[in-house]
Amino acid sequence: MKFIAKILALFMLSSAGVSCAATPDTLSQRADAVLLNADRSEVREAIRIFVRQNSGRFVIADPDTLTQSPVLVVRRRARDYESKIRKLPTANLNYRLLSNGRQCWLVRHESSPDSPIASEVLLPETAQCAVYTQR
């Protein structure tokens, strides 16, 4: 009886692994992209909300830079001007725009593009991205 239970458990795990590996939206199928409609208010707001939730509210993020390059550099201010206390470390955080041809993601890695993903957000369906090619 235990033998059958172990075989069933292995079968369930292996079938789950196959289904996970077969999903069409894996990171390897996403490529660097540029944003074609950065003027859309819902796209701009989605980017700003994600960056502020991820990096703190005292950041400067310009979604227009994603029209030229897949990299968005977010600058964090060194001073909280409301309370006049220097309590935030200055840092530049790098975000990258990725697309699979249908949808767009904004991704932040822990330290470099090869490191694990720290956070990501799927942009609204109205966001239009094109695969980035260096000129």
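Refer to the preceding data block for the structure.
What you see is a predicted model; the values in this text were computed from it and never measured.

As for its placement among the helices and strands, Ser 99 is situated in strand 4 (residues 91-99). Here Ser 99 falls in the buried class, since its relative accessible area comes to 3%. Polar side-chain contacts of Ser 99 include one of 3.0 Å to the backbone oxygen of Gln 103. Not counting the four nearest positions on each side in its chain, Ser 99 is found in contact with Gln 29, Arg 30, Ala 31, Ala 33, Trp 105 and Cys 129.

It is worth spelling out the pattern of salt bridges at this point. A complete count under the given rule lists four salt bridges for this structure. Here Glu 120 makes a salt bridge to Arg 30, at a shortest N to O gap of 3.0 Å. Residue Glu 120 is found in strand 6 (residues 117-122), and its partner Arg 30 is found in the loop between helix 1 (2-21) and strand 1 (31-35); the two are separated by 90 residues along the sequence. Exposure remark for Glu 120: the relative accessible area of 38% places this residue in the partly exposed category.

Turning our eyes to something else, we now look at the state of the cysteines. Overall, the coordinates contain one disulfide when judged by the stated rule. For Cys 104, the disulfide goes to Cys 129, at an S-S distance of 2.0 Å. Because the torsion about its S-S bond is 140 degrees, the bridge between Cys 104 and Cys 129 counts as right-handed. One end of the pair, Cys 104, is in strand 5 (residues 104-109); the other, Cys 129, is in strand 7 (residues 129-131), and 25 residues separate them in sequence. By the burial criterion, Cys 104 is buried, and Cys 129 matches it.

In this model helix 2 (residues 41-55) runs 21 Å from its N-terminal to its C-terminal C-alpha over 15 residues, within 8% of the 21 Å that 1.5 Å per residue would give. Taken residue by residue, helix 2 has Val 43, Arg 44, Ile 47, Phe 50, Val 51 and Ser 55 as its buried positions. The buried residues of helix 2 occupy an angular sector of 135 degrees when the element is viewed end-on, so they sit on one face. Turned more than 90 degrees away from the buried face of helix 2 sit Ser 41 and Gln 53, all of them exposed. Directly beyond the C-terminal end of helix 2, a positive phi value near 105 degrees is found at Gly 56.

As enumerated under the stated definition, the model contains one aromatic pair in all. Measuring from ring centre to ring centre gives 5.8 Å for Phe 50 and Tyr 95, while their planes differ by 80 degrees; the resulting arrangement is edge-to-face. Taken together, the residues span a long stretch of sequence, with Phe 50 in helix 2 and Tyr 95 in strand 4 at a distance of 45 residues. Residue Phe 50 is classed as buried on the basis of its relative accessible area, which comes to 9%.

Before going further, it helps to spend a moment on the side chain of Arg 30. A residue is classified by how much of its surface remains accessible, and Arg 30, at 12% relative accessible area, is buried. A polar atom in the side chain of Arg 30 sits 3.0 Å from the side chain of Glu 120.

About the thresholds
- Residues numbered from 1 in each chain as written.
- Predicted model: local features only at pLDDT ≥ 70, side-chain atom pairs only at ≥ 80, totals over all residues.
- Heavy atoms only, no water.
- Helix = DSSP H or I, 4+ residues; strand = E, 2+ residues; numbered from the N terminus.
- Buried < 20%, exposed > 50% of the residue type's maximum accessible area, 1.4 Å probe, protein only.
- Polar contact = N/O pair within 3.5 Å; in protein donor to acceptor, adjacent residues only side chain to side chain.
- Contact = heavy atoms within 4.5 Å.
- Salt bridge = Lys/Arg side-chain N within 4 Å of Asp/Glu carboxyl O.
- Disulfide = S-S within 2.5 Å.
- Expected span 1.5 Å × (residues − 1).
- Arc of directions from axis to C-beta.
- Phe/Tyr/Trp six-rings, centres within 6.5 Å; stacked < 30°, edge-to-face > 60°.

Taken by themselves, the reported measurements are silent on function.
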